[in-house]
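# Chain and residue survey
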Amino acid sequence: MALLSTIDFPHKIVETEGFAHKRIDLHSHTNCSDGTLSPQTLIDRAVNFQLNVLAITDHDTVAGLDIAQKHIEEKNIPLKLISGIEISTAWQGFEIHIVGLNIDKNNSALTALIAQQQQAREDRARTMGEKLAKCGFPTIYEDAKEMAGEGSITRAHFAKVLHQQGHVSTMQQAFDKYIGKKGSKGQRAYVKPNWCSIEEAVDVIHQAGGSAVMAHPIRYDLSAKWLRRLIVDFKEANGDGLEVVLPQMNPEQRKKMLGYCNEYDLHASMGSDFHYPNRWSDLGRNLTMPVGATPVWAQWQ
């Protein structure tokens, strides 16, 4: 899979340049992690939504990339696929996600980190399953593992099983009551993850030739002071950019994220964080790079 070049995209978004000629989504998931669609179906959906460029960024795995690229080539689909990954990291007691874009998926350092992360993910899932068994769900680990299939097992799989089996009325209630970090009734089966550091994730993404982008900064439930501290630490770790555009961000939030990019000399990225079709978000929806942003693909040479 060829890495993208700066000639594929404008370097900077300015008033006169616009962005109407490209539809780009740099954050999406398949059933190789916690998405519901296969890589092939995700690609077909992207084409139906008239996307020109799509990054697949599954959690701590690159298993879906070859499947997607093969589908593109076999069907002669007019879509640029960007090799990506979303790496879970630990920072000050918070789980922060770092997206790697335009990576060499076969890089040895990346392969080693993926193995480390997958082991941490499996260990966490087993412990979570043990705690949920004590809550009255004796087969929950096996059920979640079966749902994940060959993909990475995540808390979302546990939430889906609890919801499908009627133990909770919504997936969010599964997090609130059992597997989430917060909540008056939560934490009964919460297990602290043993993820790598932000510094390690950024370093490995760079070794793989990619750009390291902080995923959805507005979703970490941080005060303005702590969010700034996170961004400063990310910048000091040589991070490259922030996701400044998500489908459900309001104009003020986008302006704020762009302000952080400009203040800390970071590139801007955008993506739907697509997991499954729903009424609130979908591939490419409301994704327009703000005027004046320096997009992350300006790094890709």
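Residues numbered from 1 in each chain as written. Predicted model: local features only at pLDDT ≥ 70, side-chain atom pairs only at ≥ 80, totals over all residues. Heavy atoms only, no water.

Both the distance between ring centres and the angle between the ring planes are used here to describe each pair of aromatic rings. A full pass over the atoms with the stated rule returns 3 aromatic pairs. On the numbers, 5.8 Å between centres and 75 degrees between planes, the contact of W91 with W226 is edge-to-face. Of the two residues, W91 is situated in strand β3 (residues 80-91) and W226 in helix α8 (residues 224-236); the sequence distance between them amounts to 135 residues. Residue classification places W91 among the buried positions, given a relative accessible area of 7%. Note on W226: relative accessible area 31%, which makes it partly exposed. (Phe/Tyr/Trp six-rings, centres within 6.5 Å; stacked < 30°, edge-to-face > 60°. Helix = DSSP H or I, 4+ residues; strand = E, 2+ residues; numbered from the N terminus. Buried < 20%, exposed > 50% of the residue type's maximum accessible area, 1.4 Å probe, protein only.)

Take helix α6 (residues 171-179) next. Buried within α6 are the following residues: A174, F175, Y178 and I179. The buried residues of α6 occupy an angular sector of 110 degrees when the element is viewed end-on, so they sit on one face. Taken together, the buried residues of α6 touch α3 (108-134) and α5 (155-164). (Arc of directions from axis to C-beta. Contact = heavy atoms within 4.5 Å.)

Moving on, we come to the packing of helix α4 (residues 140-148) against α5. Where α4 contacts α5, the axes come no closer than 9 Å and their chain directions differ by 110 degrees. Of the possible angle classes, the one that applies to α4 and α5 is roughly perpendicular. You can see that α4 and α5 cross each other, and the crossing is right-handed. Contacts between α4 and α5 involve I140, Y141, D143, A144, M147 and A148 on the former and, on the latter, H157, F158, K160, V161, L162 and Q164. Looking at the contact of α4 with α5 residue by residue, the class counts come to 8 nonpolar, 2 polar and 2 charged. (Axes fitted to C-alpha atoms, helices over the stretch in contact; angles between N-to-C directions. Parallel < 35°, antiparallel > 145°, perpendicular 65-115°, else oblique. Left-handed = near helix turned anticlockwise from the far one by under 90°. Nonpolar A, V, L, I, M, F, W, Y, C, P; charged D, E, K, R; others polar.)

This part is about the pairing of strand β7 (residues 241-245). The buried count for β7 comes to 5 of 5 residues, which makes it a mostly enclosed element. Here strand β6 (residues 211-214) pairs with β7 via 2 bridges, running parallel. Residue pairing across strands places M214 opposite L242, the latter belonging to β7. Once you follow β6 into α8 and on to β7, the crossover reads as right-handed. Judged from the 4 bridges that link them, β7 and strand β8 (residues 267-270) form a sheet pairing that is parallel. (Pairing = 2+ DSSP bridges. Right-handed = clockwise from strand over helix to strand, strands pointing away.)

When helix α2 (residues 63-74) is considered as a whole, its buried residues turn out to be G64, L65, A68, Q69, H71 and I72. For α2, the angular spread of the buried residues around the axis is 160 degrees, confining them to a single face. Along α2, exposed side chains directed more than 90 degrees from the buried face belong to E73 and E74. Elements in contact with the buried residues of α2: α1 (39-48), β2 (53-56) and β3. Remark: N76 follows α2 within two positions and exhibits a positive phi of approximately 55 degrees.

What follows deals with the confidence of the model for the chain. Summarising the model, the chain shows a mean pLDDT of 90, and 91% of its residues fall at 70 or more. Counting interchain partners and residues more than four positions distant, the pLDDT-below-50 stretch residues 1-8 has 22 contacts. Long-range and interchain partners of residues 13-20, a stretch whose pLDDT sits below 50, account for 16 contacts in this model, where long-range means more than four residues apart. (pLDDT = per-residue confidence, 0-100.)

What follows deals with unusual backbone geometry. Positive phi, close to 55 degrees, is recorded for D221, a residue that is not glycine. When you line up the elements, D221 lands in the loop between β6 and α8.

Our focus in this paragraph is the environment of Q165. Relative to the helices and strands, Q165 is located in the loop between α5 and α6. Residues Q165 and H27 lie 138 residues apart in sequence; the distance between their C-alpha atoms is 30 Å. Among the polar contacts made by the side chain of Q165, one reaches the side chain of D143 at a distance of 2.9 Å. (Polar contact = N/O pair within 3.5 Å; in protein donor to acceptor, adjacent residues only side chain to side chain.)

The next subject is the pairing of strand β4 (residues 94-101). Within β4, 6 of the 8 residues are buried, leaving the element largely enclosed by the surrounding structure. Where β4 meets β6, 4 bridges bridge the pair, whose relative direction is antiparallel. In the strand pairing of β6, L101 is matched with S211.

Another aspect to go through is the pattern of salt bridges. The full count for this structure, using the stated rule, is 9 salt bridges. The shortest N-O distance in the salt bridge between K70 and E74 comes to 3.9 Å. Residue K70 and its partner E74 are both found in helix α2; the two are separated by 4 residues, about one turn of the helix. A salt bridge links E122 to R126; the shortest N-O distance between them is 3.1 Å. Of this pair, E122 and R126 are both found in helix α3, 4 residues apart, which corresponds to roughly one turn of the helix. (Salt bridge = Lys/Arg side-chain N within 4 Å of Asp/Glu carboxyl O.)

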